[in-house]
Amino acid sequence: MATKKFLLNEKDIPTAWYNIVADMVNKPLPPLHPGTKQPLVPADLEAIFPRVIAEQELTTERWIEIPEEVRELYKIWRPTPLVRATGLEKALDTPAHIYFKNEGVSPVGSHKLNSALPQAYYNQKAGVTHLTTETGAGQWGAALSFASRLFGLALEVFMVKVSYNQKPYRRVMMQTWGADVVASPSNTTDAGRLILAKDPNNSGSLGIAISEAIEKAVKTPNTKYSLGSVLNHVALHQTVIGLEAEKQLDMAGEYPDIVIGCFGGGSNFSGISFPFLRHNLIDGKKTRIIAAEPASCPKLTRGRFEYDFGDTVGMTPFLPMYTLGHDFQPADIHAGGLRYHGAGTIVSQLRRDNLIEVEDIPQLETFDAGRLFAQTEGTIPAPESAHAIASAIREAKKAREEGRAKTILFNLSGHGLVDMSAYDQYLHGEMQNYELSDSEIEKTVSSLEKLVP
Ligand SMILES: *Cc1c(COP(=O)(O)O)cnc(C)c1O
């Protein structure tokens, strides 16, 4: 049998993150100041981020050196394994070679720690003592809780209410690492009170939780805000995933025909795919890059390219992105980390230029894929990651029909061991798909201001 697992040494952890903006012919449009509607400068971002992060958000440098202290801490779980999914291949009777990068082996169970560590590091270096953030299913909150603990920072997490109730274990994880966790919308901020006044039973969204966390950071001394997805610096930090995978596939004697990531705001998708997309852009490679999102929250497949806020209340800059509108309220699907109305600005530009492909996947197909993966490879995937698995399965079946060998790489962004109530519903036949009509999307998209030139 072929080698199953491709492992690197600690010395192979990348020494720099890769910034794809340097290699894009059409750069992303600039984010705009929400008041003046002029392009942002790093100083505008310094109200909520330390300077280095504000600079990373807007830089066009190709390689950004990873601080030695961060690289040391990456060694807790990096390099992560690349695994050939031979069990899954056999079950699908496919000629395709399927590989997955396992980011679920981090201490918090997902890729999110790749960016939480450097963000906590840069804040501590800048003299910040207290961070605020939002979390959906709890993975980002968990990652930042552990990272904040390592750097001695206090952390307050606004957790989307539906997940706070559905996923109490992640709340307890965050509390174990020492964070304060608040269900959002809450009555501790103006933004939360505004939402609750209109709709006391609001189950929350990432957009609302972001509004609350930013408001808290702006109003509290020595406090900054930290975001786990969407923004350019987060995508940048996640490129360690793809940079490692490139070396590991090389060990396997392969180069991918297809690279797949699930898509919430874009961080793990960017992380696995940008190092390969780089070779499409500069060396004429033709790897297909696929973003897999939930059919119930399809910003890339059915949203519109407009300037929109990153949050619900309108406190962030205007970001040029594919969006369902900042008032879009996604169904309460179990892939909580994918319930976000917009896509990062880099990914949005890549989509506009047809440099990536996008795909939306219904909830039941996602869990079918998650179960098959668990039964053949052992690891129970996060519901988010199961979107990437479902997409990989679609491609592996196509390869079988075409009778063609193909190399498929997908990112296993996290394990699903804290999502067993979702699997329980699935196994009991209590799970459903959510159809989203065009008119529902139109409702929240049509009110967006037209700022794209
Ligand atoms: C947060 C999360 C996602 C979605 O976020 P991205 O920024 O799009 O990567 C996907 N998978 C897991 C396991 C997550 O925790």
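Scope of this entry: the structure provided in the associated data block.

Rules behind the numbers
Residues numbered from 1 in each chain as written. Predicted model: local features only at pLDDT ≥ 70, side-chain atom pairs only at ≥ 80, totals over all residues. Heavy atoms only, no water. Helix = DSSP H or I, 4+ residues; strand = E, 2+ residues; numbered from the N terminus. Rg over C-alpha atoms; globule rule 2.2 N^0.38 Å. Buried < 20%, exposed > 50% of the residue type's maximum accessible area, 1.4 Å probe, protein only. Pairing = 2+ DSSP bridges. Contact = heavy atoms within 4.5 Å. Axes fitted to C-alpha atoms, helices over the stretch in contact; angles between N-to-C directions. Patch = residues over 30% accessible without salt bridge, like charges linked within 9 Å, V, L, I, M, F, W, Y side chains within 5 Å. Areas by Shrake-Rupley, 256 points an atom, 1.4 Å probe, with all protein chains shown as cover. Salt bridge = Lys/Arg side-chain N within 4 Å of Asp/Glu carboxyl O. Nonpolar A, V, L, I, M, F, W, Y, C, P; charged D, E, K, R; others polar. Near = heavy atom within 4 Å. Polar contact = N/O pair within 3.5 Å; in protein donor to acceptor, adjacent residues only side chain to side chain. Expected span 1.5 Å × (residues − 1). Bend = angle between axes of the 7 residues up to and from the residue. Phe/Tyr/Trp six-rings, centres within 6.5 Å; stacked < 30°, edge-to-face > 60°. Lys NZ or Arg CZ within 6 Å of the ring centre and 35° of its normal. Core = buried A, V, L, I, M, F, W, Y, C linked by side-chain atoms within 4.5 Å. Arc of directions from axis to C-beta.

Some details on the overall build of the chain
On a plain count of helices and strands, the chain comes out with 19 helices and 15 strands. Computed over its C-alpha atoms, the radius of gyration of the chain comes to 20 Å, within 12% of the 22 Å expected for a compact globule of 453 residues. Counting only C-alpha atoms and orienting by the principal axes, one finds that the chain spans roughly 60 × 50 × 50 Å. Of all 453 residues assigned to the chain, the portion counted as buried reaches 63%.

A few points about the sheet that holds strand β15 (residues 407-412)
The sheet built from seven strands is open, its strands ordered β1-β4-β5-β15-β10-β11-β14 with mixed pairing. Edge positions in the open sheet fall to β1 (5-6) and β14 (357-361), since each of these has one partner strand only. As judged from the six bridges shared by strand β5 (residues 97-102) and β15, these two strands associate in the parallel manner. Bridge assignment links F100 to a residue of β15, and that residue is F410. Contacts from helix α13 (residues 267-283) reach β5, β10 (258-262), β11 (288-294) and β15 within the one sheet, and its direction differs from that of β10 by about 155°.

Some details on a nonpolar patch on the surface
On the surface, L194, V313 and M315 cluster together to form a nonpolar patch covering roughly 230 Å² of accessible area. Mapped onto the fold, L194 is located in helix α9 (residues 190-198).

A look at the packing of α9 against helix α10 (residues 206-219)
Direction vectors running N to C along α9 and α10 enclose 145°, while the axes themselves pass 7 Å from each other. Between α9 and α10, the residues in contact are D190, A191, G192 and I195 and I208, S211, E212, E215 and K219, respectively. Partitioning the contact of α9 with α10 into residue classes produces three nonpolar, two polar and four charged.

A short note on the site of the ligand
Near the ligand you find 18 residues, and of these K112, S229, G264, S267 and S413 are the closest. Contact between the ligand and Q139: an oxygen atom at 3.3 Å from a side-chain N or O atom of the residue. Between the ligand and S267, the relevant distance is 2.7 Å, taken from an oxygen atom to a side-chain nitrogen or oxygen of the residue. Its free accessible area being 380 Å², the ligand has 97% of it covered by the protein chains. The class makeup of the residues in the shell around the ligand is four nonpolar, 12 polar and two charged.

Observations regarding α13
For α13, which comprises 17 residues, the first-to-last C-alpha distance of 24 Å matches the rise-based estimate of 24 Å (1.5 Å per residue) to within 8%. Of all the bends in α13, the greatest, near 45°, is centred on F274, and the proline P275 appears no more than four residues after it. Most of α13 is tucked away, with 14 of its 17 residues classed as buried. In the stretch just after α13, G284 is the one whose phi turns positive, near 70°.

Points about the packing of aromatic side chains
Taken as a whole and judged by the stated rule, the model has 16 aromatic pairs. A ring pair is formed by F263 and F269, whose centres lie 5.7 Å apart and whose planes are at 65°; its orientation type is edge-to-face. For F269, a relative accessible area of 0% gives the class buried. Put simply, the rings of F100, F373 and F410 pair up and form one aromatic cluster. Sitting over the ring of Y322, R351 keeps its end group 5.1 Å from the ring centre.

Remarks on unusual backbone geometry
Each neighbour pair has its own omega, and for R78 with P79 the value is -5°, a cis peptide bond. With respect to the secondary-structure elements, P79 resides in the loop between α3 (68-74) and β4 (82-84). The linkage connecting S184 with the following residue, P185, adopts the cis geometry, with an omega of 5°. One can find P185 in the loop between β8 (180-184) and α9. In the Ramachandran plot, V230 falls in the positive-phi region, its phi being about 65° despite a non-glycine side chain. Along the chain, V230 falls in the loop between β9 (223-225) and α11 (232-238). Even without being glycine, N354 reaches a positive phi, approximately 55°.

Details of the nonpolar core
Within the largest apolar cluster, 57 residues are counted, with the highest numbers of intra-cluster contacts made by W17, Y74, L113 and Y225. Membership of the second largest hydrophobic core comes to 30 residues, among which are I20, Y99, I272 and L277.

Looking at the pattern of salt bridges
Taken as a whole and assessed by the stated rule, the structure comprises 27 salt bridges. For D23, the salt bridge identified is with R62, shortest N-O distance 2.7 Å. With D23 in the loop between β2 (16-18) and α1 (42-45) and R62 in the loop between α2 (51-58) and β3 (63-65), the pair connects residues that are 39 residues apart, well separated along the chain. When its relative accessible area of 34% is taken as the criterion, R62 is described as partly exposed. A salt bridge links R304 to E442; the nearest nitrogen and oxygen atoms lie 3.3 Å apart. Taken together, the residues span a long stretch of sequence, with R304 in strand β12 (residues 304-309) and E442 in helix α19 (residues 438-445) at a distance of 138 residues. Note on E442: relative accessible area 37%, which makes it partly exposed. A single network of salt bridges, built from pairs that share partners, joins R78, K101, E103 and E244.

A few points about the sheet that holds β9
Pairing is parallel in the open sheet, where four strands are placed in the order β8-β7-β6-β9. Unpaired on one side and paired on the other, β8 and β9 mark the two borders of the sheet. On average, each strand axis in the sheet is inclined to that of its neighbour by 25°, with strand direction left out of account. In the sheet, strand β7 (residues 154-160) pairs with β8 via five bridges, with the strands oriented parallel.

Concerning α2
By the burial criterion, the buried members of α2 are I53, A54, Q56 and E57. One side of α2 carries all its buried residues, which in axial view fall inside an arc of 160°. Tucked inside the fold, the buried residues of α2 contact β2, α1, β3, α5 (113-125) and α11.

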